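# Structural overview
Each chain is listed here by its residues.
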Amino acid sequence: MTIQKIGVVGAGQMGNGIAHVCALAGYDVVMNDVSADAMAAALALIGKNIDRQVSKGTVTAEDKDAAMARISTTAELSELGTCDLIIEAATEKETIKQQIFDALLPHIKENTILASNTSSISITRLASRTDRPEKFIGFHFMNPVPIMQLVELIRGIATDDETFHACQEVVERLGKTSATSEDFPAFIVNRILMPMINEAVYALYEGVGSVSSIDTSMKLGANHPMGPLELADFIGLDTCLAIMNVLHDGLADTKYRPCPLLTKYVEAGWLGRKTKRGFYDYRGETPVPTR
């Protein structure tokens, strides 16, 4: 099947990035969110981010104008009904994702592909709640979407070849690279990355090192571009905790037990950059470690 129009559910950090790259690649995009303010902010951010690409010479001003013209927004899920592919990029909570797909089903075309940008939740289980498990797939972009080159494609147990190959073609048209993952908790990237971040939090919790010493050690000792605690703040500590809980519950192995300190930060509402406090305090001119 040919995909020409893409729906994006969620105008947050991931949703606006997905809309950005899809529109630049020539797809018509319909972005949905329950918040009109979030959609307005997303459009402004997309414009700002494409301006940055224009200044670097990677796209032209004409490309920007054409891409922005391809993006429309709506608060009504029913208006995504004409899309060929719908990518859900809502909060990493399974009940919310299920509610979105339940609400979409009465309005979409018979051959519409449904996809989730989930970073950890079972694609097979999400698909089983719909009327088209064979046309359901995991479409996991990395953050920030316009910069990161990888997209994980996750086949549920029922995902058919036509759906998989159609989504592979979308990834190629976006100028990105796909990696295929089996449908196990957290897939590939987060299966490896999140336990490392969790272990860094344990090292902090147990007093092995301070925030700055842990991050400096991994940047200079392992050549990581960002320390694990700085990266956790960038991702969002609530998202990190949610993924660790999925790993712990789904694989029933104590090595995936979330660090109590990570839980405490989330309970305090210190979720990282988005709340101005996490393992670093971002309220001043430069980030300051909180421990």
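These lines cover the structure that appears in this document, whether it is placed above or below. Residue positions within a chain follow its written sequence, with the count starting from 1. Two thresholds apply to this predicted model, a pLDDT of at least 70 for residue-level local features and 80 or more for giving and counting side-chain atom pairs, whereas whole-chain, interface and lining totals are computed over all residues. Calculated side-chain values reflect all of the structure's heavy atoms, with hydrogen atoms and water omitted.

### Here we look at the pairing of strand 6 (residues 136-141)
Per-residue accessibility, obtained with a 1.4 Å probe over protein chains only, is compared with the maximum for each type, and a residue is labelled buried under 20%, exposed over 50%, and partly exposed between these values. Helix and strand definitions here come from DSSP, where helices need a minimum of 4 consecutive H or I residues and strands a minimum of 2 consecutive E residues; each element is numbered from the N-terminal end. Counting buried positions along strand 6 yields 6 of 6 residues, so the element is predominantly enclosed. Taking every second residue as pointing to the same face, both faces of strand 6 are buried, with Phe-136, Gly-138 and His-140 on one and Ile-137, Phe-139 and Phe-141 on the other. Two elements, strand 5 (residues 113-116) and strand 6, share 3 bridges in a ladder whose sense is parallel. When the bridges of strand 6 are listed, Leu-114 appears paired with Phe-136. A right-handed crossover is one whose linking path, passing over the helix from the first strand to the second, runs clockwise when the strands point away from the viewer. For the crossover that starts at strand 5, traverses helix 5 (residues 123-128) and ends in the parallel strand 6, the hand is right-handed. By this definition, two strands are paired if DSSP reports at least two bridges between them.

### Things to note about the packing of aromatic side chains
Only rings of Phe, Tyr and Trp enter the pairing, Trp through its six-membered ring, and a pair is recorded when the two centres are within 6.5 Å. The plane angle decides the type: under 30 degrees is stacked, over 60 is edge-to-face, the rest tilted. Enumeration over the complete set of coordinates arrives at 6 aromatic pairs. Relative to Phe-141, the ring of Phe-139 has its centre 5.3 Å away and its plane inclined at 20 degrees; by these criteria the two rings are stacked. For the pair formed by Phe-139 and Phe-141, the shared burial category is buried. When the centroid spacing of 4.7 Å and the interplanar angle of 35 degrees are considered together, the rings of Tyr-265 and Phe-279 count as tilted. Residue Tyr-265 is found in helix 11 (residues 260-267), and its partner Phe-279 is found in the loop between helix 11 and strand 9 (280-281); the two are separated by 14 residues along the sequence. Here Tyr-265 matches Phe-279 in class, with each residue buried. Among the aromatic residues, ring-to-ring pairing joins Tyr-265, Trp-270 and Phe-279 into one connected group.

### Quick word on the state of the cysteines
Disulfide: a pair of cysteine sulfur atoms within 2.5 Å of each other. By the definition in use, this model includes 0 disulfides. The thiol sulfur of Cys-83 is not disulfide-bonded, and the nearest other cysteine sulfur, from Cys-22, lies at 11 Å. Under the relative-accessibility criterion, Cys-83 is labelled buried at 0%. Summary of cysteine pairing: Cys-259 is not part of a disulfide, and the nearest cysteine sulfur, belonging to Cys-240, is at 12 Å.

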